[in-house]
Amino acid sequence: MELVGIDFGTCNIKVVRRAGESYKNFRIDNTSNDLKKGTANKVFYRDNELLLGDKATKGRNRCKTVEEQNNYIENIKEHLQEKNWKQTLADGQIKTAGDVTGDIMQYIYHRFSEELQESIDAVITVPVIFSEYQINIIRKAAEDAGFHVKKIISEPFASFVYLMQDCIEAMEKRLHHVLMFDIGGGTLDICLISCGVKEGQYEVSVQSAIGVDRGGNEINDEILNDILFNKNKEMFQAVLYQDEKDAHKAFRNRVNRYSVMEEIEDLKNEMFHDEIKNQSKTIEFSFEKPDYDEDIEVAAKDIYHMLDQNHWKDMIFNMLEELFWESDDIAPEDLTDVFLAGGTSAIPYFRECIIEFLEEQGVEKENCGKLFQRNDEAEADDRRFSSVAYGAAWFNQFLHGDLPMRIQDEIPFKIYTKKGEDPYATLEKNSGADNYSFPKKLLLNEKDHGKIDVYQEINTVIPDGSENNKEVYVGYFNIPKDIEKGKEELYRFRFNHKNVLEIQYFHRELENDEMIPVIDSTEELVYGV
């Protein structure tokens, strides 16, 4: 049996496989891409063939019309958060976000099957902010492709178990309280995680977690709109916003935008290479239609000012305050380690925000520096780009092993039904597969409706830093037709052994002077928007 970890990132996909006693990055495509950064999450549909990564970019660059450009899709993970997203290809096919995700998973599985004859167990990672509906899209796509999905875990947790692997495998008695700050292309996740001996047993557990759907891609947009436009508005207006009613000009808009965004990404990589803030860099822009050539200098202070103006520090401070408030066990002064993961964490601004927050909370400046010791000792590219996939592979090995420890990796948030506008039956996500929500009566309006709608509260913030817990619709449970409307029926729900929500409809009967539940039927959640 082959054990793999899959980091299905917004910008890049990384796969790590267990090879003997070690773990190795698995090359998804045959191009010369950087294995540590993975394969770009870009696809291009060419006839009946799917091109992935650099090949997708080459396919896009050969396009001659807007219709052909519609065969190119990038960063599909971002679209999993959009209701009813779809794209029409040049041949008229309509692709949903789930379809594209499934095609990518099939591509990855096919690459494995070319080399391996064994079944493949996978642990896949998702952001903290992903809902059960979005997680189910990822799970279903992987299972339909052929993977046996052992578990889906959060990205910062996966990064944590890799970066703290030496402590975990040695089961150190010392208690570590770790702040994980994971910012990639599409999301920012922050977690407080502890590991060590508790009540005589070694335990690894997520204490609190919070996420937002902001990351490096949004920063790229901000650099374009808030910095580059201010330096040469005429040029960017001309090359990016030509008349969309003219098919040729609309085509050039896209070509030029792809070029601009790639230049911005290169700017960030060069300016913050090795997590050092260089003073300035020059971007050389050259456009054919319309004809423009311009060198634009961008300073690091420009980007820092832009981040402040767009409330990144306010948001991070608010997220950290919420994080520690939710944790019963960890205060800022209790931290033993801080780790930065994700490609965007190379911008020193984020480290500086964390240090400033901790100092405001009373942590001495000297101690703040010590918190990053393990972070700085880790190989930078591994930590930023590969730690999530490596951690998923390690966790997969843990699931197949017999290490005497307890791992609680679930992200805390609420799953609930509603009575009017208020939560009715509520289940905490990390209460485990054996724990049900508190029994509730089946409401008359639910019986009339024929189903019970299910919602989820996700802990997040809005860009200006204020708290904004988000309610999302997850799906529904069907109500069996044989349940009588006048009969008092109860229900409770939980996560089953497949980590899928299920509901039990039951009534109580007296047996040996005790009221016991008698199960009438059990249903799994129907995921949907």
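Keep in mind that this is a model prediction, so the values were computed, not measured. (Residues numbered from 1 in each chain as written. Predicted model: local features only at pLDDT ≥ 70, side-chain atom pairs only at ≥ 80, totals over all residues. Heavy atoms only, no water.)

*Asks:* I'd love a proper account of the overall build of the chain, names of residues and values included.
*Replies:* Within the chain, the regular secondary structure consists of 17 helices and 27 strands. Over its C-alpha atoms the chain spans a radius of gyration of 25 Å, differing by no more than 12% from the 24 Å that the globule rule assigns to 529 residues. Overall, the C-alpha framework of the chain stretches about 85 × 60 × 50 Å when taken along its three principal axes. Counting every position in the chain, which comprises 529 residues, the buried fraction comes to 55%. (Helix = DSSP H or I, 4+ residues; strand = E, 2+ residues; numbered from the N terminus. Rg over C-alpha atoms; globule rule 2.2 N^0.38 Å. Buried < 20%, exposed > 50% of the residue type's maximum accessible area, 1.4 Å probe, protein only.)

*Asks:* How would you sum up the packing of helix 8 (residues 216–231) against helix 11 (residues 300–309)? Please name residues and give values.
*Replies:* Pairs of packed helices are described in terms of their axes, by the angle between the two and the distance that separates them. At a closest axis distance of 10 Å, the pairing of helix 8 and helix 11 adopts a crossing angle of 115 degrees. Classified by chirality, the crossing of helix 11 by helix 8 is right-handed. On the side of helix 8, the interface is formed by I219, E222, I223, D226, I227 and K231, while helix 11 contributes D302, I303, M306 and L307. (Axes fitted to C-alpha atoms, helices over the stretch in contact; angles between N-to-C directions. Left-handed = near helix turned anticlockwise from the far one by under 90°. Contact = heavy atoms within 4.5 Å.)

*Asks:* Which residues make up the state of the cysteines, and what values go with them?
*Replies:* With the rule as written, the count across this model stands at zero disulfides. There is no disulfide at C368, and the cysteine sulfur nearest it, in C353, is 13 Å away. (Disulfide = S-S within 2.5 Å.)

*Asks:* Requested: an account of unusual backbone geometry, with residues and values cited.
*Replies:* Of note in the backbone geometry, N75 takes a positive phi value of approximately 55 degrees without being a glycine. Within the secondary structure, N75 is located in the loop between strand 7 (72–74) and helix 3 (76–79). The phi dihedral of H311 falls on the positive side, at around 65 degrees, and the residue is not glycine. Residue class for H311 comes out partly exposed when judged on its relative accessible area of 32%.

*Asks:* Can you explain the packing of aromatic side chains? Please cite residues and give values.
*Replies:* With the rule as written, the count across this model stands at 23 aromatic pairs. The interplanar angle of 20 degrees and the centroid separation of 5.0 Å between the aromatic rings of Y162 and Y390 together place this pair among those described as stacked. Residue Y162 is located in helix 6 (residues 155–163), and its partner Y390 is located in helix 16 (residues 380–400); the two are separated by 228 residues in the primary sequence. Residue Y390 is classed as buried on the basis of its relative accessible area of 12%. Between the aromatic rings of F477 and F493, the centroid separation amounts to 6.1 Å while the plane-to-plane angle is 40 degrees, which identifies the pairing as tilted. Remark: F493 occurs in strand 24 (residues 490–495) and F477 occurs in strand 23 (residues 470–478); sequence separation between them is 16 residues. Across this residue pair, the class does not change: F477 and F493 are buried. What links up through ring pairs into an aromatic cluster is the set F157, F160, W394, F395 and F398. Positioned over the ring face of W312 is R214, at 4.1 Å from the centre of the ring. (Phe/Tyr/Trp six-rings, centres within 6.5 Å; stacked < 30°, edge-to-face > 60°. Lys NZ or Arg CZ within 6 Å of the ring centre and 35° of its normal.)

*Asks:* Explain helix 12 (residues 312–326) to me, using residue names and the numbers behind them.
*Replies:* Its 15 residues give helix 12 an end-to-end C-alpha distance of 21 Å, which sits within 8% of 21 Å, the value for a rise of 1.5 Å per residue. Those residues of helix 12 lying buried are W312, M315, I316, F317, N318, M319, L320, E322, L323 and F324. Residues of helix 12 that are buried in the fold lie against strand 12 (176–183), strand 13 (188–198), strand 14 (201–212), helix 8, helix 11 and helix 13 (348–360). (Expected span 1.5 Å × (residues − 1).)

*Asks:* Talk me through the sheet that holds strand 26 (residues 514–524); I want residue IDs and the actual numbers.
*Replies:* Taking strand neighbours across the sheet as the criterion, the four strands line up as 21-24-25-26 in an open arrangement whose pairing is antiparallel. Only two strands of the sheet have a single neighbouring strand rather than two, namely strand 21 (440–441) and strand 26. In this structure, strand 25 (residues 501–511) lies alongside strand 26, joined through 10 bridges in antiparallel fashion. Within strand 26, the position partnered with R508 by the bridge is P517. (Pairing = 2+ DSSP bridges.)

*Asks:* Can you lay out the side chain of H177 for me, pointing to particular residues and giving the numbers?
*Replies:* Examined against the element boundaries, H177 turns out to sit in strand 12. What H177 contacts, discounting residues up to four positions off in sequence, is I193, S194, I330, D334, L335, T336 and D337.

*Asks:* Explain the packing of helix 11 against helix 13 residue by residue, including any values.
*Replies:* Packing of helix 11 against helix 13 brings their axes to within 11 Å, and their N-to-C directions diverge by 55 degrees. Taken together, helix 11 and helix 13 sit at an angle that is classed as oblique. Both helix 11 and helix 13 take part in a crossing whose hand is right-handed. Of the residues in helix 13, those in contact with Y304, L307 and D308 of helix 11 are P348, Y349 and E352. Tallied by class, residues from the contact of helix 11 with helix 13 come to four nonpolar, no polar and two charged. (Parallel < 35°, antiparallel > 145°, perpendicular 65-115°, else oblique. Nonpolar A, V, L, I, M, F, W, Y, C, P; charged D, E, K, R; others polar.)

*Asks:* How would you explain the side chain of T417 if you had to name every residue and give the values?
*Replies:* The residue T417 is located in strand 19 (residues 414–419) in this model. Accessibility expressed as a relative area gives 0% for T417, which makes it buried. For T417, the side chain forms a polar contact with the side chain of Y491, separated by 2.9 Å. Discounting residues that sit within four places of it in the chain, T417 has contacts with D422, P423, Y424, A425, I452, D453, V454, Y491 and F493. (Polar contact = N/O pair within 3.5 Å; in protein donor to acceptor, adjacent residues only side chain to side chain.)

*Asks:* Kindly report on the pattern of salt bridges, identifying the contributing residues and their values.
*Replies:* All told, the structure shown has 21 salt bridges when counted by the stated rule. A salt bridge links R46 to E49; the shortest N-O distance between them is 2.6 Å. The class of R46 is partly exposed, set by a relative accessible area of 36%. The class for E49 is partly exposed, based on a relative accessible area of 38%. Among the ionic pairs, E366 bridges to K370, the shortest N-O distance being 3.8 Å. Taken together, the positions of E366 and K370, both in helix 14 (residues 365–371) and four residues apart, correspond to about one turn of that helix. Relative accessible area serves as the criterion here: at 56%, E366 is assigned to the exposed category. Three or more residues are tied together by salt bridges with common partners; here these are D166, D337 and R374. (Salt bridge = Lys/Arg side-chain N within 4 Å of Asp/Glu carboxyl O.)

*Asks:* I'd love a proper account of a negative patch on the surface, names of residues and values included.
*Replies:* Taken together, the side chains of E284, E288, D291, D293, E294 and D295 define an acidic patch exposed on the protein surface. If you tally residues by element for the negative patch, the top one is strand 16 (residues 292–299), at three residues. Its place among the elements puts D291 in the loop between strand 15 (280–287) and strand 16. (Patch = residues over 30% accessible without salt bridge, like charges linked within 9 Å, V, L, I, M, F, W, Y side chains within 5 Å. Areas by Shrake-Rupley, 256 points an atom, 1.4 Å probe, with all protein chains shown as cover. Lys, Arg positive; Asp, Glu negative; His and termini not counted. Charge placed at Lys NZ, Arg CZ, Asp CG, Glu CD.)

*Asks:* Go over the pairing of strand 22 (residues 451–458) with me, naming the residues and quoting the values.
*Replies:* Strand direction decides the pairing type here: strand 19 and strand 22, joined by three bridges, are antiparallel. Directly across from Y416, in strand 22, lies its bridge partner Y455. When strand 22 meets strand 23, the two strands line up antiparallel, connected through eight bridges. Bridged to Y455 within strand 23 is Y473.

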